[in-house]
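Letter by letter, the chains look like this.
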Amino acid sequence: MSKSRAVRILALIATGGVVLQAGGCATTMAPLLLSLLESILLSTLTGGTLGGL
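Conventions and cut-offs
Residues numbered from 1 in each chain as written. Predicted model: local features only at pLDDT ≥ 70, side-chain atom pairs only at ≥ 80, totals over all residues. Heavy atoms only, no water. Helix = DSSP H or I, 4+ residues; strand = E, 2+ residues; numbered from the N terminus. Buried < 20%, exposed > 50% of the residue type's maximum accessible area, 1.4 Å probe, protein only. Areas by Shrake-Rupley, 256 points an atom, 1.4 Å probe, with all protein chains shown as cover. Patch = residues over 30% accessible without salt bridge, like charges linked within 9 Å, V, L, I, M, F, W, Y side chains within 5 Å. Salt bridge = Lys/Arg side-chain N within 4 Å of Asp/Glu carboxyl O.

Points about the overall build of the protein
Scanning the protein from terminus to terminus reveals one helix and zero strands. Across the 53 residues that make up the protein, the buried fraction comes to 0%. Summing over all exposed atoms, the protein offers an accessible surface of approximately 4600 Å²; the carbon and sulfur share of this is 75%.

A look at a nonpolar patch on the surface
Taken together, the side chains of Met 29, Leu 32, Leu 33, Leu 34, Leu 36, Leu 37 and Ile 40 make up a nonpolar region of the molecular surface, amounting to roughly 700 Å² of accessible area. Assignment of secondary structure puts Ile 40 in helix 1 (residues 3-51). With a relative accessible area of 45%, Ile 40 lands in the partly exposed category.

Spatial relationships are all this shows, so hold off on functional conclusions.
Below you can see the structure in the form of structure tokens.
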């Protein structure tokens, strides 16, 4: 295996690791953020409805 091929393979492995980490972070954080936004939206709507009564 030539040196340039080894460097390209290492770069590909490093890039793939970063992509997998970013994907894992996104799949972990997305449900948490959606839950937080849903909670904020529902509390705003409920507060506006009950505040008008």
